[in-house]
Amino acid sequence: MAIAFAVAMPVQLAEVERLMRSAFTPYVRALGREIAADAYAWFTDAVVRGDIHVALDGTEIVGVMATRRRDDDLELALIGVSPARQKSGIASWMLVGIEPVAWAAGVRTLSLMTAEMMQDRVRLYERHGFRIVRRGPPEHGKDSHVRVYMAKTLRVP
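This section reports on the structure supplied with the text. The structure displayed is predicted, hence computed values, not measured ones.

What follows covers the overall build of the chain. Counting its regular elements, the chain contains 4 helices and 7 strands. The principal-axis extent of the C-alpha atoms belonging to the chain is close to 40 × 35 × 30 Å. Buried residues in the chain amount to 45% of all 157 residues. Sequence separation of 24 or more characterises 63% of the internal contacts of the chain that already satisfy a separation of 6 or more. Carbon and sulfur atoms make up 54% of the accessible area of the chain, which amounts to about 8300 Å² in all. Considering the chain, the positive charge centre built from 21 side chains and the negative charge centre built from 18 side chains are found 4 Å apart.

In structure tokens form, the structure reads like this:
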């Protein structure tokens, strides 16, 4: 796989949003909801801050990781892979790729959450060293599906 990991550029914003919408539609529908029209409005500011990373196969965006910095923690808020490329290792590749970026920025932990019913994702994150911190309802309150909150302490590179 000749994939490159880069900070998303403003010119890529529309493509980033399209990929996330297509990647997350089945997940959100499994939760009994639809993706709101403005669900990714925060991406505009996140791209400017450098908080969105893309996996590029040539010039094609095949994966997106949207992050949020909180002190010495980096929340992996959304990880999406193009539906045509899912199950090909891109999400794993991005999870590995974000670690040196986070470490260089002074981050010492990574955190994320996923729906408990998405056991394949929980197992993926556990394979990458994330541990379950807690289970509970989502903070947004848009559905009642239990979430699994996970964290990983970064090691010196």
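Here we take up the environment of Ala55. Structurally, Ala55 is set in strand E2 (residues 52-57). You can call Ala55 buried: its relative accessible area is 0%. Sequence separation between Ala55 and Tyr27 is 28 residues; the distance between their C-alpha atoms is 20 Å. Dropping the residues within four chain positions of it, Ala55 is found in contact with Ile3, Ala4, Glu60, Ile61, Val62, Gly63, Ile90, Trp93 and Met94.

Here we take up the sheet that holds strand E7 (residues 147-153). Sheet strands pair by backbone hydrogen bonding; their relative direction is either parallel or antiparallel. The mixed open sheet is built from 7 strands, whose spatial order is E1-E2-E3-E4-E5-E7-E6. Strands with a single pairing partner mark the edges of an open sheet, and in this sheet they are strand E1 (3-7) and strand E6 (131-136). Direction aside, the axes of adjacent strands within the sheet are offset by 25° on average. Where helix H3 (residues 90-104) meets the sheet, its contacts fall on E1, E2, strand E3 (60-70), strand E4 (73-81), strand E5 (109-115) and E7, and the angle it forms with E4 comes to roughly 155°. Each of E4, E5, E6 and E7 is contacted by helix H4 (residues 119-127), which is oriented at about 165° to E5, the strand it contacts most.

Procedures and definitions
- Residues numbered from 1 in each chain as written.
- Predicted model: local features only at pLDDT ≥ 70, side-chain atom pairs only at ≥ 80, totals over all residues.
- Heavy atoms only, no water.
- Helix = DSSP H or I, 4+ residues; strand = E, 2+ residues; numbered from the N terminus.
- Buried < 20%, exposed > 50% of the residue type's maximum accessible area, 1.4 Å probe, protein only.
- Contact = heavy atoms within 4.5 Å.
- Areas by Shrake-Rupley, 256 points an atom, 1.4 Å probe, with all protein chains shown as cover.
- Lys, Arg positive; Asp, Glu negative; His and termini not counted.
- Charge placed at Lys NZ, Arg CZ, Asp CG, Glu CD.
- Pairing = 2+ DSSP bridges.
- Axes fitted to C-alpha atoms, helices over the stretch in contact; angles between N-to-C directions.

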